[in-house]
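# Per-entry structural report
Below, each chain spelled out in residue letters.
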Amino acid sequence: MAAKQILELEPENGVVYVLLCNIYAACKRWEILRQVKKIMMERGIKKTSGCSLMELNGNAYEFVVGDQSHPQYKEIYAKLENMMQDLIKAGYSPNSSEVFLDLREVDKETTLYQHSEKLAIAYALISLGPGVTIRIVKNLRMCVDCHHMAKLVSEAYNGELIVRDKTRFHHFRHGSCSCSNFW
């Protein structure tokens, strides 16, 4: 009932639809979720895609989930694979609690591994090496899995990560974040 009232108040606001989709997905109400997505398509309402931006050596780079547009994407994915193996040894375990897709767990984890900030971090490590400060700007809120991964990267690669997401700055150093895990 509340969802209907919100949609009546702001029928063109994509954020409302995304929130509804996330609620229905969290409750595993996939049929209602599909109906909401169908309404979005019919009304031409699009979800904002997540992206991560970074600047290296005077050049700006943008990454989106599953991105293969970068000329070095094969190297980026190879570094990402190596990075994930290192992080698993350091205690990383994928957290798919915020992957609101009707997928098998292994497919959810694959999606997580390809989040834009992970691709940006892998590219920065290729380009700059360990022990440096990596700065990333993200247009959406950082997910819990990427937040945990960034803490581990700061420790395992002896560097700092500064991520500005939609909500706040996160300064990762020595395996912890300035937000004290509250974001």
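The structure presented is a predicted model; accordingly, all values stated were derived computationally and were not measured.

## Digging into the sheet that holds strand β6 (residues 176-177)
Taken together, the six strands give an open sheet; going across it, the order is β2-β1-β3-β4-β5-β6, and neighbouring strands pair in mixed fashion. Both edges of this open sheet fall to β2 (59-64) and β6, since each of them pairs with a single strand only. Of the strand pairs in this sheet, strand β3 (residues 133-138) and strand β4 (residues 160-164) are connected by five bridges, and their pairing is parallel. Across the sheet, Val137 pairs through a bridge with Arg164, a residue of β4.

## Considerations on unusual backbone geometry
Of note in the backbone geometry, Asn158 takes a positive phi value of approximately 50 degrees without being a glycine. Turning to its location among the elements, Asn158 is positioned in the loop between α7 (144-156) and β4. For Asn158, a relative accessible area of 56% translates into the label exposed. Although it is not a glycine, Ser180 adopts a positive phi angle of roughly 55 degrees. Relative to the elements of secondary structure, Ser180 occurs in the segment after β6. Under the relative-accessibility criterion, Ser180 is labelled exposed at 60%.

## Describing α7
With 13 residues, α7 extends 18 Å from end C-alpha to end C-alpha; this agrees with the ideal 18 Å at 1.5 Å per step. Of all the residues in α7, the buried ones are Asp145, Cys146, His147, Met149, Ala150, Lys151, Leu152, Val153 and Ser154. Looking at the residues trailing α7, positive phi occurs at Asn158, about 50 degrees.

## Describing the nonpolar core
Core analysis: the biggest nonpolar cluster contains 34 residues, and Met54, Phe63, Met83, Leu87, Ile121, Met149 and Val153 have the highest contact counts within it. Counting only elements with at least two residues in this core, the list comes to β1 (51-56), β2, α4 (73-89), α6 (116-128), β3, α7 and β4. Sorting elements by how many residues they give to this core places α6 first, with seven residues. If near-sequence neighbours (up to four positions away) are discounted, Met54 is found in contact with Asn59, Ala60, Tyr61, Phe63, Ala120, Tyr123, Ala124, Ile134, Arg135 and Ile136.

## A look at the pairing of β2
As judged from the six bridges shared by β1 and β2, these two strands associate in the antiparallel manner. If you follow Leu53 over to β2, its bridge partner there is Glu62. Hairpin connection of β1 to β2: two residues between the antiparallel strands, including Asn57 at a positive phi of 50 degrees.

## Section: helix α3 (residues 30-43)
Under the 1.5 Å per step criterion, the end-to-end length of α3 is 20 Å for 14 residues, consistent within 8% with the ideal 20 Å. Buried within α3 are the following residues: Trp30, Leu33, Val36 and Met40. The buried residues of α3 all sit within an arc of 120 degrees when viewed along its axis, so they share a single face. Those residues of α3 that are exposed and angled more than 90 degrees off the buried face are Lys38 and Glu42. Packed against the buried residues of α3 are α2 (14-26). Gly44 sits one or two positions beyond α3 and adopts a positive phi of about 70 degrees.

Definitions and cut-offs
Residues numbered from 1 in each chain as written. Predicted model: local features only at pLDDT ≥ 70, side-chain atom pairs only at ≥ 80, totals over all residues. Heavy atoms only, no water. Pairing = 2+ DSSP bridges. Helix = DSSP H or I, 4+ residues; strand = E, 2+ residues; numbered from the N terminus. Buried < 20%, exposed > 50% of the residue type's maximum accessible area, 1.4 Å probe, protein only. Expected span 1.5 Å × (residues − 1). Core = buried A, V, L, I, M, F, W, Y, C linked by side-chain atoms within 4.5 Å. Contact = heavy atoms within 4.5 Å. Arc of directions from axis to C-beta.

No statement about biological role is implied by the geometric values presented.
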